[in-house]
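Remarks on the overall topology
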Amino acid sequence: MCKECGCGQNNGNTRLQFITEGYTEESAKTVEKALLGLPGVMYVHIHWHEGETTIDYNPSKTKMTEIIKVFSDNGLEAGL
Amino acid sequence: MEVKVMQDVLGENDKIAESIHDKLAAHGIFVMNLLGSPGSGKTTLLERTLEKLAKEMKIAVIEGDLFTSKDADRIAKHGAEVIQVNTSGGCHLEAPMIEKALSDIDWQSMDMLVIENVGNLVCPAEFALGEQAKVTVLSITEGNDKPMKYPLIFKESSLAILNKVDLLPYTDFSVEEAVEDITTIHPGASVLSVSARTGEGLDAWLDWLRAQVKKAKEAAR
Ligand SMILES: Nc1nc2c(ncn2[C@@H]2O[C@H](COP(=O)(O)OP(=O)(O)OP(=O)(O)O)[C@@H](O)[C@H]2O)c(=O)[nH]1
Ligand SMILES: [Mg+2]
């Protein structure tokens, strides 16, 4: 929703923060791109060195299993 | 408590939007929700579009603005039936406003209905108006960071138009980067580069519109 004026949806976004081990610079980019392409995912930030992963998403549009699948597809495990 | 009320408002909006969608789609009318920042060039693009397409098809336009009928006055000069909706300060159009405006338009005889939303990259993206497609106009002077900063509107839009490409030599804007970012946020979205000032790229846009109008007609058969 628009937090400024309060219009729109309230069941808005959830922020996930976790550590994923084993990123390479390249796989971090691939994961970021794949996540951003999912319907409710608005923001992704990955520090590939530390594995720090932040995802802002709308749980009513994309299921957690779809997010986890992006990691497993890239040979990674999301340490939720 | 307040939370509940707002969800109801949106649910109500979606219901009315759906009934508008079904009603106009059944008549084979292509309905487009035209979005973008203030000044991105929505009305200018529409003016250029009407100059070309008003001879081929019947187009109605609903203009959304907080105040004034400035945009409707511009559109009225180009042979389209036009209605100005004023939101009196509201940051976006809502489906009931469209329903009301439709009662003043001979929409049954139209091939296309264009709704120019209030200039805003945030709020209008949340409110369906009964459209078959959302189209976002991003002018290149707004900068390359906009798709990633305002992802929802690009996720919702089947087409993004990069406008004002005549100004490319004076900016650091990269069309390639914009296409990359927009299609990352919305895989499958189309992106077109145009200049509503010089007419560059306009043909591809007109062809896209013609294809949508044809598709809407065929779907209604
Ligand atoms: N150089 C250049 N200027 C443009 C182009 N398209 C629009 N403009 C100018 O940009 C300004 C804003 O254009 P509008 O069409 O009014 O923008 P809008 O998106 O309808 O704005 P709002 O309705 O207020 O949200 C006007 O001065 C236009 O002449 C373009 O392709 N190139
Ligand atoms: Mg305008």
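One can find the structure itself at the top, above this paragraph.
Here the structure is a predicted model, which is why all the values come from computation and not from measurement.

1. Examining unusual backbone geometry
- The phi angle at Ser88 of chain B is positive, at roughly 50°, despite the residue not being glycine.
- Here Ser88 of chain B is to be found in the loop between β3 (81–86) and α4 (95–102).

2. Observations concerning the nonpolar core
Residues and elements named next belong to chain B.
- Counting residues in each nonpolar core, the largest one holds 29 residues, and the members touching the most others are Phe30, Met112, Trp205 and Trp208.
- It is helix α8 (residues 202–220) that contributes the most residues to this core, 7 residues altogether.
- Other than its neighbours up to four places away in sequence, Phe30 contacts Asp111, Met112, Leu113, Gln132, Ala133, Trp208, Leu209, Gln212, Val213 and Ala216.
- If you look at the next biggest cluster of nonpolar residues, it comprises 21 residues, including Leu93, Ile105, Met110 and Leu113.

3. Examining the pattern of salt bridges
All names here are of chain B.
- The final tally for this structure, using the stated rule, is 15 salt bridges over all chains.
- Ionic pairing is found between Asp111 and Lys217, a salt bridge with its closest N-O pair at 2.5 Å. Pair noted here: Asp111 is in the loop between α4 and β4 (112–116) and Lys217 is in helix α8, with a separation of 106 residues, a long-range link.
- Judged by its relative accessible area of 15%, Asp111 is buried.
- For Lys217, a relative accessible area of 32% gives the class partly exposed.
- In this structure, the salt-bridge partner of Glu131 is Lys134, at a minimum N-O distance of 2.9 Å. As far as the burial class goes, Glu131 and Lys134 line up, both buried.
- Linked through salt bridges whose partners overlap, the residues forming this network are Glu47, Asp71 and Arg74.

4. What about the coordination of the magnesium ion (ligand 2)?
All names here are of chain B.
- With distances of 2.0 to 2.2 Å, the protein atoms coordinating the magnesium ion (ligand 2) are Thr43 (OG1), Asp71 (OD) and Glu116 (OE).
- Donor residues for the magnesium ion (ligand 2) sit on one chain with the sequence pattern T-x27-D-x44-E. One end of the pair, Asp71, is in helix α3 (residues 70–76); the other, Glu116, is in strand β4, with 45 residues separating them in the sequence. Both residues of the pair, Asp71 and Glu116, belong to the buried class.

5. Some remarks on the pairing of strand β5 (residues 133–139) of chain B
Residues and elements named next belong to chain B.
- Burial within β5 is extensive, with 7 of its 7 residues counted as buried.
- In terms of strand pairing, strand β1 (residues 30–36) meets β5 through 5 bridges, oriented parallel. Across the sheet, residue Met32 finds its bridge partner in β5, namely Ala133.
- Looking at chain direction, β5 and strand β6 (residues 159–163) are connected through 5 bridges and run parallel. Its bridge partner lying in β6, Leu138 is registered against Leu162.

Definitions and cut-offs
Residues numbered from 1 in each chain as written. Chains lettered and ligands numbered in written order. Predicted model: local features only at pLDDT ≥ 70, side-chain atom pairs only at ≥ 80, totals over all residues. Heavy atoms only, no water. Helix = DSSP H or I, 4+ residues; strand = E, 2+ residues; numbered from the N terminus. Core = buried A, V, L, I, M, F, W, Y, C linked by side-chain atoms within 4.5 Å. Buried < 20%, exposed > 50% of the residue type's maximum accessible area, 1.4 Å probe, protein only. Contact = heavy atoms within 4.5 Å. Salt bridge = Lys/Arg side-chain N within 4 Å of Asp/Glu carboxyl O. Donors = N, O, S within 2.8 Å, 3.2 Å for Na, K, Ca; no water. Pairing = 2+ DSSP bridges.

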